[in-house]
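Residues per chain, in single letters:
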Amino acid sequence: MQTRVSVGPLMGAKSELAVLCVFKGKKALRGAAREADKALRGAIGRMVASGEFKPELRKTRLIPLLERPKGVTPRRLLLVGLGEEEKFTLDGIRGAAAAAAKSVRDLALKNFCVELPPLAGATPEARAQAWVEGARMGLYRMEAYKRREKENTQKLQSVSLLTPQRKEAETLRRGVRRGEILAEGVHFARDLVTHPGNVHTPAFLAREAQKLTRKHRLRCRVLGTREIQALKMGALLSVAQASAAPAKFIVLEYPGRGRPGPPVVLIGKGVTFDSGGLDLKSSSGMRTMKMDMAGAAAVLGALQAISRLQLPTRVVGLLPCTENMVSGKANRPGDVVTSMSGITIEIDNTDAEGRLILSDALTYARRFKPAAVIDLATLTGACVVALGEDCSGLLGNHEGLVDRVRQAAEKTGDRVWQLPLWDEYFDLIRSDIADIKNTGGRWGGAITASAFLARFAEEFPWAHLDIAGPAWRDTDLPYTPKGASGVGVRMLTELVAAWRPLKPTAPRK
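Residues numbered from 1 in each chain as written. Predicted model: local features only at pLDDT ≥ 70, side-chain atom pairs only at ≥ 80, totals over all residues. Heavy atoms only, no water.

Visitor: An account of the overall build of the protein is requested, with residue identities and associated values reported.
Guide: In terms of regular secondary structure, the protein is built from 17 helices and 20 strands. Here the protein has a C-alpha radius of gyration of 25 Å; the compact-globule value for 509 residues is 23 Å, and the two agree. Oriented by its inertia axes, the alpha-carbon framework of the protein measures out at about 80 × 50 × 45 Å. When burial is assessed residue by residue, the protein has 58% of its 509 residues classed as buried. Residue pairs in contact within the protein that sit at least 24 positions apart in sequence constitute 79% of those at least 6 positions apart. Of the roughly 22,200 Å² of accessible surface on the protein, 48% is carried by carbon and sulfur atoms. The centroid of the 77 positive side-chain charges in the protein is displaced by 8 Å from the centroid of its 53 negative side-chain charges. (Helix = DSSP H or I, 4+ residues; strand = E, 2+ residues; numbered from the N terminus. Rg over C-alpha atoms; globule rule 2.2 N^0.38 Å. Buried < 20%, exposed > 50% of the residue type's maximum accessible area, 1.4 Å probe, protein only. Contact = heavy atoms within 4.5 Å. Areas by Shrake-Rupley, 256 points an atom, 1.4 Å probe, with all protein chains shown as cover. Lys, Arg positive; Asp, Glu negative; His and termini not counted. Charge placed at Lys NZ, Arg CZ, Asp CG, Glu CD.)

In C-alpha cells, the structure reads:
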C-alpha cells in the first residue's frame, strides 16, 4: 500500500472514498469533516447529534453518496470516531487509521483519502507517522502458506493524505516515510514469528539476517557449532544438543553515522521451537511455541528499521538461536553446565532454557564495551500471569536505562511495567551444587528469571523486557491482527533514535 501526500481540499480528491475523522462532544466536526457536513447540508452533524453515529474511538459508519453535491468527488464517505478529544493520543490515531483501512479493504476498494485529525502537542510529522503505522500494521496478513484465499484477497493499493497547507506537505512526507519503515520492520518480525517451526529453524534465521546485509547497511557474522564451542558457550550448547537443527549465534552490526561511539547492544531470544525439553510442556502449552523466537525477530525488525532510517547510533544485535527439544542428549533436571562467563548453572527445569542461551549472549556482549544492553525474550509464563497479555515486564540494573526504555514504549504505544529486582530474589536462584540454578521456585518467576540474567550483566547498564504476553495474540487488537504482534520493533527503534549517553552511574551488582 502506497501513501501519498497531496495539497488541497479532501472533498475534491480523486479517490473512491474519503475518511472523515469525528470527535465526541460539541466540537465533533473539524476541518474536512466540517466542510463535508456543509456540502451535505448538515447531514453528518445531524447523524452525530441524533446518536445515529456515535463517534467512539475506532467506530466507523459508511455513507454512500448516491447524488454527489457540487465539489465532492469521492463516491463514499467513511466516518471514523476519535472518542473524546481530551483523551485522544498518537495511539488513538494508529487505532483510527487501522479501523479506516480495514473498513476500506472490506469494501473491496483500492484507495481512499483522509485529512489527518488534529492532536494537541503532536507535530504534523508525528501524526502522519502514527497514521501510516496504524493503517499498515492493521492490514497485515501472512499469506505465504495460503493458496485459494490468497488469490481472492482484495488489497488496498493507495492512501492519500490531504493537507490544505502547502508548507506542511514535506513535513508530512517525512512522517509517512518513517511510518512506512517502522511498519515494514514490524511486518518483517511478524512474518518471521508466523512461519512454522519446521521452516524458521536457526539456520533460516541466519539466512534472513544475512539477507539484511545485502539490502541494508549492516554487517553479519553467523557462528556455527564449532565457533560456539570455541567460545565455550556451554549454556547455549546444552540447550541445542538435543536438537537435530544445529544452533546458530548471529551477530549483526549497524555502524551508525559519523563517529557514533560505544554501541547499544540488542539481544533477542531465538528459541525457534520450545517443547520444554524433558520437562515437557502440555500439548496446549506447546501449540504456539514457534513464537519463542519473537525476541530475535524483534531485534531483526528493529535493525532493519534502524539501518533504513540511518540513525547515528552504533547498534549491535546478538541472536542466540536454537530449538529446545527432547532426545537422549537433552538437558536433564539436575545437570550442571558451565556458561561462557565461567559461572556454573544447575538445570533445575529444562523448560527454563531461554535464560540459559541469553546468559551466553550477555557474556558475549562484553567484548563490545557497550553503552547499554537491552534484551527481549518470551521468557516466562509468570510474567503473563502478573501483567496479562497486553504488557511486557521491564527490569534492569540501571534506572536511567530503564527510564529510557519506558519513555520509548510510551511513545510507540507499547505497554511496559517495571518489576522490582531486590536482593531477596537473588537468594532464590542459589544452587547447592553450582553457582546458581536456572529457576527460583514457584513465586515471582519473571523476577527470579531476571535475577538470573542480571548475574551475567554486571559490567554494563542492562534492561530486560519479558515480552511473553504481547508477543502473540489470540484475538485482534486495533492495529495488531491475531497472531504474531511484532512487539519491540518500534520501541527499540525509538530508543535508538533518541539515544544519548547515559549518566555514569554504576550498574547494580
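Visitor: Explain the packing of aromatic side chains to me, and be specific about the residues and the numbers.
Guide: Overall, the coordinates contain 5 aromatic pairs when judged by the stated rule. Note on Phe23 and Phe88: the rings are 5.5 Å apart at their centroids and 90° apart in plane angle, and the pair reads as edge-to-face. With Phe23 in the loop between strand S2 (17-22) and helix H1 (31-39) and Phe88 in the loop between strand S4 (76-81) and helix H3 (90-106), this residue pair connects regions lying 65 residues apart in the sequence. For Phe88, a relative accessible area of 7% corresponds to the buried category. When the ring centre of Trp499 is taken as reference, the NZ or CZ atom of Arg404 above it lies at 5.0 Å. (Phe/Tyr/Trp six-rings, centres within 6.5 Å; stacked < 30°, edge-to-face > 60°. Lys NZ or Arg CZ within 6 Å of the ring centre and 35° of its normal.)

Visitor: Which residues make up a nonpolar patch on the surface, and what values go with them?
Guide: Where nonpolar side chains cluster on the molecular surface, the patch consists of Leu278, Leu280 and Val326 and spans about 270 Å² of accessible area. On the secondary structure map, Leu280 appears in the loop between strand S10 (270-274) and helix H10 (283-286). (Patch = residues over 30% accessible without salt bridge, like charges linked within 9 Å, V, L, I, M, F, W, Y side chains within 5 Å. Salt bridge = Lys/Arg side-chain N within 4 Å of Asp/Glu carboxyl O.)

Visitor: Which residues make up unusual backbone geometry, and what are the values?
Guide: Note on backbone geometry: most residues besides glycine have negative phi, and most peptide bonds are trans. Phi is positive for Arg58, which is not a glycine, with a value near 75°. Phi is positive for Ala108, close to 65°, though the residue is something other than glycine. By the secondary structure assignment, Ala108 is in the loop between H3 and strand S5 (111-115). Given the relative accessible area of 45%, Ala108 is considered partly exposed.

Visitor: An account of the packing of helix H11 (residues 294-309) against helix H17 (residues 489-497) is requested, with residue identities and associated values reported.
Guide: Between two packed helices, the angle of one axis relative to the other and the distance separating the axes together describe the packing. Relative orientation of the contacting elements H11 and H17 amounts to 45°, with a least axis distance of 8 Å. As far as their axial angle goes, H17 and H11 are oblique. Between H11 and H17 lies a crossing whose hand is right-handed. Across from Ala298, Val299, Gly301, Ala302, Ala305, Ile306 and Leu309 in H11, the residues of H17 making contact are Val489, Leu492, Thr493 and Val496. (Axes fitted to C-alpha atoms, helices over the stretch in contact; angles between N-to-C directions. Parallel < 35°, antiparallel > 145°, perpendicular 65-115°, else oblique. Left-handed = near helix turned anticlockwise from the far one by under 90°.)

Visitor: Any chance you could break down the sheet that holds S4 for me, citing the residues and the numbers?
Guide: With respect to topology, 6 strands assemble into an open sheet ordered S1-S6-S5-S2-S4-S3, the strand pairing being mixed. Each edge of the sheet is formed by a strand with only one pairing partner; in this case those strands are strand S1 (2-7) and strand S3 (60-64). Each strand axis lies, on average, 25° off the axis of its neighbour in the sheet, ignoring direction. Relative to S4, S3 runs antiparallel, the two being bridged by 5 bridges. Its bridge partner lying in S4, Thr60 is registered against Val80. Docked against the sheet, helix H6 (residues 169-194) engages S1 and strand S6 (158-163), running at close to 170° with respect to S1. (Pairing = 2+ DSSP bridges.)

Visitor: Tell me about the pattern of salt bridges, and please be specific about residues and values.
Guide: For the coordinates displayed, the defined rule picks out 30 salt bridges. The shortest N-O distance in the salt bridge between Glu170 and Arg173 comes to 3.5 Å. Of this pair, Glu170 and Arg173 are both found in helix H6, 3 residues apart, which corresponds to roughly one turn of the helix. On the basis of relative accessible area, Arg173 is assigned to the partly exposed category, the value being 36%. Here Lys269 ties to Glu353 by a salt bridge, and the two come within 3.4 Å at their closest N and O atoms. Highlighted residues: Lys269 in the loop between strand S9 (264-268) and S10 and Glu353 in the loop between strand S13 (344-346) and helix H12 (354-365), separated in sequence by 84 residues. Residue Lys269 is classed as buried on the basis of its relative accessible area of 2%. Residues joined in a network through salt bridges with shared partners are Asp91, Arg94, Glu133 and Arg490.

Visitor: Outline H17, listing residues and values.
Guide: Burial within H17 is extensive, with 8 of its 9 residues counted as buried. Val489, Arg490, Met491, Leu492, Thr493, Glu494, Leu495 and Val496 are the residues of H17 that are buried.

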